[in-house]
Amino acid sequence: MSSTVSSDVSSTIKETSNENSAISDGCPATPDSSLFDTAEFDNKLKSGLPTVDLFKQALSSVRAELDRRYREGADISALITGRSWFMDELLRRAWHLFNWKNPSELSLLAVGGYGRGELHPHSDIDLLLLMRGDQSADNREALSGFFTFLWDINLEIGQSVRTIKQCREEAVKDITVATSLMESRTIVGPDADPQSLRIEMIKLTQAADVWPAREFFTAKRDEQIARHNKYYDIDYALEPNVKTSPGGLRDIQTIGWIAKRHYDADNLADLVTLGFLLPSEYEQLIRGEKLLWKLRYGLHLLAGRKEDRLLFDKQRELAAMFGYQDDNKSLAVEKLMQEYYRAVATLRELNDVLLQHFDEAILRAGEKAEITRINNRFQIRNNYIEVVNSGILKRFPFALMEVFVLMAQNPEIKGVRASTIRLIREHRTQIDEKFRSDLRNTTLFMELLRSPNDLTTQLRRMARYGILGRYLPEFGAITGKMQHDLFHIYTVDAHTLQVVENMRRFRLPGAEENYPIAAHIVTKLPKVELLYIAGLYHDIAKGRGGDHSTLGMEDATNFCQRHHLSAWDTKLVSWLIGKHLLMSMTAQRKDISDPEVIHDFALQVGDKLHLDYLYALTVADINATNPTLWNAWRASLLRQLYLSTKKALRRGLENPIDRADRIKDKQESALLKLKDKGLKEDHIRAIWEYTDDEYFVRESVANIVWHTESIERHKRENPETETLILVQDTADSLADGATHIFIYTVNRHHLFASSAAAMEQLGLNIQDARIFTSSKNYCMNTYAVLETDGTPIGENPQRINQIKKLLCEYLAEPSAHLRLAKKRRSRKLQHFGQQVETAVINKHDQPWSTLEVNCIDKPGILAAIGKVFAEQEIQLLNARIATLGERVEDLFYITDAHDQPIADPLAIEKLQKALQQELLA
């Protein structure tokens, strides 16, 4: 390899540079001497400076300059095309360092994104060395030296060496190759020659028999559908990929590829000339593309590598970089992400319009039109709805609502014709306050809500076409609004529509298997549309500041009045929104085995009809917040609360069960069952002497029998062993679908802490706990646990023995097992795990204190809390464990060492500081 460049080589570089200065999208890559002075670089090459060092220095200098310009707000298009221009110049100079044989038979091509002239800081630099015939043997040394040199200067390239014939063969086999070659651009080679290698290659690889336009369109459309399905077809994933998520850069590129293949369009602007895009739509497309480019550039810059995912930590950094600031309504990162979500929604909408246009122009060209007239405004053409003429929406604005009702009423309609989609987009500005109050429109919307078919499909279509957010401005305000936590995995608007979809799923055949109560309830509701309205409005006021439930009640009331619902219906909808968190919070944070809790909840519900509506809303809401939240344990809690409340309502709120009667009833039922098993009553009573009334109030008869029988056998067979540990899957109301671990032992210091530490060590997730310590100092503690994959332990003797053995080991020496080894936290937990909220609540009529702990779920939480209790001599009477997604909201009922509530402010402060320290460690 030569370390210098001769004068004739310098002139060759100049010629090839001038010939190939246009990038594939039609935008000239303007030479920028302030970025890279080619003349100065050539002079340095001539001077004999070390070549590798010189190229590395140029790369480093240009990267730093482009990054500086980015941070200062330079035009993003200039940055990514400027990087591409610089890379062209550098590669030309690298090429001419080597002696190529038959150079007129060789070309160096940029392909893929680089072929489009788009390079971000760590984009792939994909190169194709194209040969007329197989020149690789003659140029083996130059080929090896050239690519080795590029690696030596730290360029991460993707390279291929092919003849024109081989390009055709690969393109026929693989559409991704055909697509990449379609975007190729000559870096070195005689591209101006009509017989140039690239032009010959393009003619062969884009011939009519290589991915004909119909097949190409179908393949690219299916490719996009498959890619979207990987993201569950959700535009608003909370950590989206700016390149491949729905509405991302790949969607824009897909449109460009189809247009180029079928119409030989050089760039997106040609779609305006071809009549597929309006000038205003083209501007929206370019604005959206630039935002995605800006985000992608920033991601590469912050990560120091190729990174296209908007991860939580990078979202915060980008928000700060772009100048967003927190305020009392939303975080800076939420503002950034709302801009992103709204941009991709627009891009997704335009992608839909264009793909529908292409479908009609490519796949359905020449298709015999089968037209069915629906009314004077709409007709169905080959299963797609369209207006009968272009003036319909202007003359009859209510048709903007009618089209969606007609689609819901006619399931055979597959979609909307592209021309009609465009008209909807053009005329949606007619939706104003007068439109919203028009009786025709309010009637049509209620008709849609009452439709038995395709409600959520049409609501989503209305949202995508910009109709829903205009008709319901309060919905428009939450469009793209994220909730920056690990609890919600969708934006507020996506979550809202998912809630309604879940409600609709309750009516589908087979719903009884997963949602037996909800499926039964929904078919019996007198007006199911009221449930859908509650679903639409339950989170409508998120992000405004204040209580979103209270604000949402006002919005829902206005909606109901505007849509002429009765006063009773309006009150029901408003009540549902105000109470939409009540049932889940009661089930997960209160002791629903306590008759007083059920009585208080029933008082708030009032009657079975309100209970039915609230249950259906709650189940739909939980499943739409984060699908992982819904498991057998959570389902069992809501089922128990529903059934217990239903009984209380049937019995009458003025006649709650007396506590003493409940205890007596349970004892008598358990006594009969135990006698049937052969136990003597005096033995049973002797065991119960070591329990208190609270045990019989909160435990089921089945568990009382299980515990008593096991304790009696244990005392008879192992009289010298203090501790009994039972492990069993159960259908008990504590956690149906979970496994119970029952511990019976003499009370001792650090018992809860060591038990929790053992279960953490075993990889068991504690879902709930019942902690009973009797006046005779015996503990009867039950933990409901699941494996890490959310399943119960099941019939697994080896696993059960492992659990019993480790628990016995830990309980034998509790103080020796208070601290677990540190476990590596996930990336998300590292980002969100710095928030720990604690509160100590004292009520004058309770002989205990309630400790509330809210934090991100992570390994060792209960063990850490137990350690603090042990160190501060705090007695644990009961616990309420609630894991909501990746967040825990736990309640502990505690006293001090003297069995008194913890009321001293200094003691409370000491406890809270210790918890903060342990949980943040």
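Described below are features of the structure shown in this document. Please read these numbers as outputs of a predicted model, since none were measured by experiment. (Residues numbered from 1 in each chain as written. Predicted model: local features only at pLDDT ≥ 70, side-chain atom pairs only at ≥ 80, totals over all residues. Heavy atoms only, no water.)

What follows deals with the packing of aromatic side chains. According to the stated counting rule, one finds 34 aromatic pairs in the structure shown. Their ring planes at 80 degrees and their centres at 5.0 Å tell us that Phe 36 and Phe 86 sit as a pair that is edge-to-face. With Phe 36 in the loop between helix H1 (7–19) and helix H2 (38–46) and Phe 86 in helix H4 (residues 76–95), this residue pair connects regions lying 50 residues apart in the sequence. With relative accessibility at 2%, the residue Phe 86 sits in the buried group. Here Phe 752 and Phe 892 contribute two aromatic rings whose centre-to-centre distance is 6.3 Å and whose plane-to-plane angle is 70 degrees, an arrangement assigned as edge-to-face. Of this pair, Phe 752 sits in helix H38 (residues 751–761) while Phe 892 sits in strand E17 (residues 887–895), and the two are 140 residues apart along the sequence. (Phe/Tyr/Trp six-rings, centres within 6.5 Å; stacked < 30°, edge-to-face > 60°. Helix = DSSP H or I, 4+ residues; strand = E, 2+ residues; numbered from the N terminus. Buried < 20%, exposed > 50% of the residue type's maximum accessible area, 1.4 Å probe, protein only.)

Here we come to the environment of Leu 129. Within the secondary structure layout, Leu 129 lies in strand E2 (residues 125–131). Between the C-alpha atom of Leu 129 and that of Leu 576, which follows or precedes it by 447 residues, the distance is 66 Å. Those residues within four positions of Leu 129 in sequence are excluded, and the remaining contacts are Trp 95, Trp 100, Leu 106, Ser 107, Leu 143, Phe 147, Ser 160, Val 161 and Arg 162. (Contact = heavy atoms within 4.5 Å.)

Per the counting criterion, the structure on display carries 58 salt bridges. Between Lys 173 and Glu 170 there is a salt bridge whose closest N-O contact spans 3.2 Å. Pair noted here: Lys 173 and Glu 170 are both in helix H7 (residues 164–173), with a separation of 3 residues, about one helical turn. For Arg 450, the salt bridge is made with Glu 529, and the minimal N-O distance between the two is 3.1 Å. (Salt bridge = Lys/Arg side-chain N within 4 Å of Asp/Glu carboxyl O.)

Further remarks concern the environment of Lys 805. In this structure, Lys 805 sits in helix H39 (residues 797–812). We classify Lys 805 as exposed; its relative accessible area is 64%. Along the sequence, Lys 805 and Ile 725 sit 80 residues apart, while their C-alpha atoms lie 9.3 Å from each other.

On the surface, a cluster of negative charge is made up of Asp 658, Asp 661, Asp 665 and Glu 668. As for its position among the elements, Asp 658 is in the loop between helix H33 (632–651) and helix H34 (659–676). Taking the relative accessible area as the measure of exposure, Asp 658 reaches 42% and is therefore partly exposed. (Patch = residues over 30% accessible without salt bridge, like charges linked within 9 Å, V, L, I, M, F, W, Y side chains within 5 Å. Areas by Shrake-Rupley, 256 points an atom, 1.4 Å probe, with all protein chains shown as cover. Lys, Arg positive; Asp, Glu negative; His and termini not counted. Charge placed at Lys NZ, Arg CZ, Asp CG, Glu CD.)

We now examine the packing of helix H20 (residues 439–449) against helix H27 (residues 528–537). Helix-helix packing is characterised by the crossing angle of the two axes and by the distance between the axes. Running from N to C, H20 and H27 point in directions that differ by 105 degrees, and their axes come no closer than 9 Å. Relative to H27, the element H20 is oriented roughly perpendicular. Of the residues in H27, those in contact with Phe 445, Met 446 and Leu 449 of H20 are Glu 529, Tyr 532, Ile 533 and Leu 536. Residue classes in the contact of H20 with H27 are distributed as 6 nonpolar, no polar and 1 charged. (Axes fitted to C-alpha atoms, helices over the stretch in contact; angles between N-to-C directions. Parallel < 35°, antiparallel > 145°, perpendicular 65-115°, else oblique. Nonpolar A, V, L, I, M, F, W, Y, C, P; charged D, E, K, R; others polar.)

A few words on the sheet that holds strand E9 (residues 724–729). Here we have 4 strands laid out as an open sheet, ordered E9-E10-E12-E11, and antiparallel in their pairing. The open sheet terminates on both sides in strands that have one partner only, identified here as E9 and strand E11 (765–770). With strand direction ignored, the average angle separating the axes of adjacent strands in the sheet is 20 degrees. Taken together, the 6 bridges between E9 and strand E10 (residues 739–746) define a ladder with antiparallel strand orientation. Among the inter-strand pairings, Leu 726 is bridged to a residue of E10, identified as Phe 742. Sheet strands touched by H38: E10, E11 and strand E12 (778–786). Its angle to E12, the strand with the most contacts, is close to 25 degrees. (Pairing = 2+ DSSP bridges.)

Pairing is mixed in the open sheet, where 4 strands are placed in the order E5-E6-E7-E8. In the strand order of this sheet, the two ends are held by strand E5 (371–373) and strand E8 (415–416), each with one partner. In terms of strand pairing, strand E6 (residues 378–381) meets strand E7 (residues 384–387) through 4 bridges, oriented antiparallel. Its bridge partner lying in E7, Phe 378 is registered against Val 387.

Moving on, we get to the packing of H38 against helix H41 (residues 861–871). With their axes 8 Å apart at the nearest point, H38 and H41 run at an angle of 160 degrees to one another. Compared by their axis directions, H38 and H41 come out roughly antiparallel. Classified by chirality, the crossing of H41 by H38 is left-handed. Counting all contacts with H38, which are made through Phe 752, Ala 753, Ala 756 and Ala 757, the residues of H41 involved are Leu 862, Ala 863, Gly 866, Lys 867 and Phe 869. For the contact of H38 with H41, the residue count by class is 7 nonpolar, 1 polar and 1 charged. (Left-handed = near helix turned anticlockwise from the far one by under 90°.)

Turning to the side chain of Gln 338, a few remarks are in order. Looking at where Gln 338 falls in the secondary structure, it is placed in helix H15 (residues 332–363). Take Gln 338: its relative accessible area is 14%, and that puts it in the buried class. At 2.9 Å, the side chain of Gln 338 forms a polar contact with the backbone oxygen of Thr 479. (Polar contact = N/O pair within 3.5 Å; in protein donor to acceptor, adjacent residues only side chain to side chain.)

Turning our eyes to something else, we now look at H34. In this model H34 runs 26 Å from its N-terminal to its C-terminal C-alpha over 18 residues, within 8% of the 26 Å that 1.5 Å per residue would give. If you check which residues of H34 are buried, you get Ile 663, Lys 666, Gln 667, Ala 670, Leu 671 and Leu 674. With its buried residues spanning 135 degrees around the axis, H34 presents them on a single face. Facing away from the buried side of H34 by more than 90 degrees, the exposed set consists of Lys 664, Leu 672 and Asp 676. Downstream of H34 by a residue or two, Gly 678 has a phi angle that is positive, lying close to 95 degrees. (Expected span 1.5 Å × (residues − 1). Arc of directions from axis to C-beta.)

With that settled, the discussion passes to helix H14 (residues 312–321). Within H14 the residues assigned to the buried category are Phe 312, Lys 314, Gln 315, Leu 318 and Ala 319. Down the axis of H14, the sector holding all buried residues measures 155 degrees, keeping them to one side. Positioned one or two residues after H14, Gly 323 has a phi angle of 90 degrees, which is positive.

Along E12, 9 of the 9 residues are buried, which leaves the element largely enclosed by surrounding structure. Side chains Tyr 778, Met 780, Thr 782, Ala 784 and Leu 786 project from E12 onto one buried face, and the interleaved Cys 779, Asn 781, Tyr 783 and Val 785 project onto a second face that is buried too. Both E11 and E12 contribute to a ladder of 5 bridges, which runs antiparallel. The residue of E12 that forms the bridge with Ala 769 is Tyr 783.

The residue Arg 698 is located in helix H36 (residues 693–698) in this model. Along the chain, Arg 698 and Gly 860 lie 162 residues apart, while their C-alpha atoms are 27 Å from each other. Apart from the residues within four sequence positions on either side, Arg 698 is in contact with Asp 591, Ser 593, Lys 666, Ala 769, Arg 770, Phe 772 and Asn 878.

Attention now goes to unusual backbone geometry. The phi torsion at Asn 102 lies on the positive side, around 55 degrees, for a residue other than glycine. Classification of Asn 102 as partly exposed rests on a relative accessible area of 41%. Positive phi values are uncommon outside glycine, yet Asn 154 reaches one of about 70 degrees. In this structure, Asn 154 sits in the loop between helix H6 (140–152) and strand E3 (157–163). Residue class for Asn 154 comes out partly exposed when judged on its relative accessible area of 49%.

Fair warning: the whole summary comes from geometry, so function is off the table for now.
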